[in-house]
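Per-entry structural report
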Amino acid sequence: MNDQKALLQYTLRLADDGLILGHRLSEWCGHGPILEQDIALTNTALDHLGRARSLYQYAAALFNTLPEADKATFFTSVSLQKEVSEGTAIDEDDLAYLRDGWDYRNVLLVERPNEDWAYTVARSFFYDAFNSLFFKELAKSNDESLAAIAEKSLKEVTYHLRWSSEWCVRLGDGTDESHARMQQAINELWAYTGELFTMNDADAAVAAQGIGMDLAALRPQWKELVALVFDEATMAMPADAWMHTGGKDGRHTEYLGYILAELQFVQRAYPGMEW
Amino acid sequence: MAQQTTNKNEWPLWEVFIRSKAGLDHKHAGSLHAADAEMAIENARDVYTRRMEGVSIWVVESTNIHASDPGDAESLYDPANDKIYRHPTFYNLPDAVKYM
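Residues numbered from 1 in each chain as written. Chains lettered and ligands numbered in written order. Predicted model: local features only at pLDDT ≥ 70, side-chain atom pairs only at ≥ 80, totals over all residues. Heavy atoms only, no water.

1. Some remarks on unusual backbone geometry
One non-glycine residue with positive phi stands out, namely Thr234(A), at about 55 degrees. Of note, Thr234(A) is situated in the loop between α11 (219–233) and α12 (254–269). We classify Thr234(A) as partly exposed; its relative accessible area is 39%. The backbone of Met52(B) sits at a positive phi, close to 60 degrees, despite the residue not being glycine. Structurally, Met52(B) can be placed in the loop between α1 (37–48) and β3 (56–61). (Helix = DSSP H or I, 4+ residues; strand = E, 2+ residues; numbered from the N terminus. Buried < 20%, exposed > 50% of the residue type's maximum accessible area, 1.4 Å probe, protein only.)

This is the structure we're talking about:
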């Protein structure tokens, strides 16, 4: 994989993480347990979406400057390839709406369903804790665009982590029922946290260029951060066992298909429609 | 205790005061529900400062606010109506005082 293709894939993954988690959180809109938390989650969803947009714009610019031969083979989604083969420059919307599941690179964690408040909190907490470390490093990236996006994201991520940490403690150190349900959510989602720290080809290539980083090296810090909150929340840290992977390489759980069906339907049925 | 006056299944109500920029007063922005002060501040951040309305937030549990009785309005405020000498505009300034 050459450098630009690796950077493109890396950028796309960061964007996909934001879009998919943002979509998941937006599913709470109008269904939150209380008006104020409904608004809090919608705000957070918009933060993730906003970051995804910046990253998709950058990814589209990277794609449009690839050699023609690379453009023809980079994606295998039919609708997107049709645009590319017609010689059209692609944009952020094409990347979000015209890629099929296998061209999505998000980690599996973010596509896990909301289930209940405890699952939603646990999923966000694991991801926010990772983001708080990841974007701090990415802000030092050699790539100016990614560094700038990371810098802006850090403030948002700090608040996200504060929100999800506090809910983790509230539920964990709450009633018997909230304690049990929070622990269950943590236990079940734990197996999806390993993928955050795996290095695929794109990760290795951008790390070698000083654009990315050694993700595995973030894990001890992440575990410390998680342990600190778990301690206050009276939650037990699950033992490290087998971890799910695949999302970064386009192999997803069945949930992504349903998310994309809902997210992409209008643009697929009425191409180019605006409102 | 505040909880006694609140429905057991509901979080207590909080009044939110926002300072729009440094140097200005905190102004009453509205109210919201939250389990405790920490959550009230965060909820206020999400509900009332999404469009850059503020730089500082105060929250007060609504039960801690003691208000005057609207029925007492006449005895409380009307006596001030005919005391125009309490306003600086009542007094004539001597010509010697400039720029006041």
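What follows picks up the thread again.
2. Some points on the confidence of the model for chain B
For chain B, the average pLDDT comes to 86, and 91% of its residues sit at 70 or higher. For the stretch residues 1–5 of chain B, pLDDT sits under 50, and the model shows 4 contacts to residues farther than four places along the chain or on other chains. (pLDDT = per-residue confidence, 0-100. Contact = heavy atoms within 4.5 Å.)

3. Structural notes on α11(A)
Residues and elements named next belong to chain A. With 15 residues, α11 should reach 21 Å at 1.5 Å per residue; the first-to-last C-alpha distance of 20 Å fits that figure. Regarding α11, the residues found buried are Arg 219, Trp 222, Val 226, Val 229, Phe 230 and Ala 233. Summarising the axial view, the buried residues of α11 lie within an arc of 105 degrees, below the 170-degree limit, and thus occupy one face. Of the residues in α11, the exposed ones pointing more than 90 degrees away from the buried face are Glu 224, Leu 228, Asp 231 and Glu 232. Once α11 finishes, Thr 234 follows within two positions and takes phi at roughly 55 degrees, a positive value. (Expected span 1.5 Å × (residues − 1). Arc of directions from axis to C-beta.)

4. A few points about the interface of chain A and chain B
Residue-level contacts link 11 residues of chain A with 13 residues of chain B. Of the roughly 1300 Å² buried at the junction of chain A and chain B (both faces included), carbon and sulfur atoms supply 48%. Considering only the surface of chain A that becomes buried against chain B, Glu36(A), Tyr159(A) and Arg170(A) emerge as the three largest contributors, covering 42% of it. One salt bridge connects Arg162(A) with Glu42(B), and the closest N-O pair in it is separated by 2.7 Å. Seen at the junction of chain A and chain B, the total is 8 residue pairs in polar contact (both at pLDDT 80 or more). If you list the elements that add at least two residues to the side of chain A that touches chain B, you get α2 (35–64) and α8 (144–172) of chain A. Of the residues in the side of chain A that touches chain B, the class split is 5 nonpolar, 2 polar and 4 charged. (Buried area = accessible area lost by both parts, 1.4 Å probe. Salt bridge = Lys/Arg side-chain N within 4 Å of Asp/Glu carboxyl O. Polar contact = N/O pair within 3.5 Å; in protein donor to acceptor, adjacent residues only side chain to side chain. Nonpolar A, V, L, I, M, F, W, Y, C, P; charged D, E, K, R; others polar.)

5. Structural notes on empty space enclosed by the protein
All names here are of chain A. Applying the stated rule across the entire model yields 3 cavities of 30 Å³ or more. In this model, the largest cavity occupies a volume close to 90 Å³. Lining the largest cavity we find 13 residues, and of these Arg 13, Leu 14, Asp 17, Phe 130 and Phe 134 sit closest to its centre. Per-element tally for the lining of the largest cavity: the top contributor is helix α7 (residues 117–138), with 5 residues. (1 Å grid on protein atoms, 1.4 Å probe; cavity = no way out; pocket = protein on both sides within 12 Å on 5 of 7 lines; lining within 4 Å. Points joined across faces, edges and corners; volume = space filled by probe spheres on them.)

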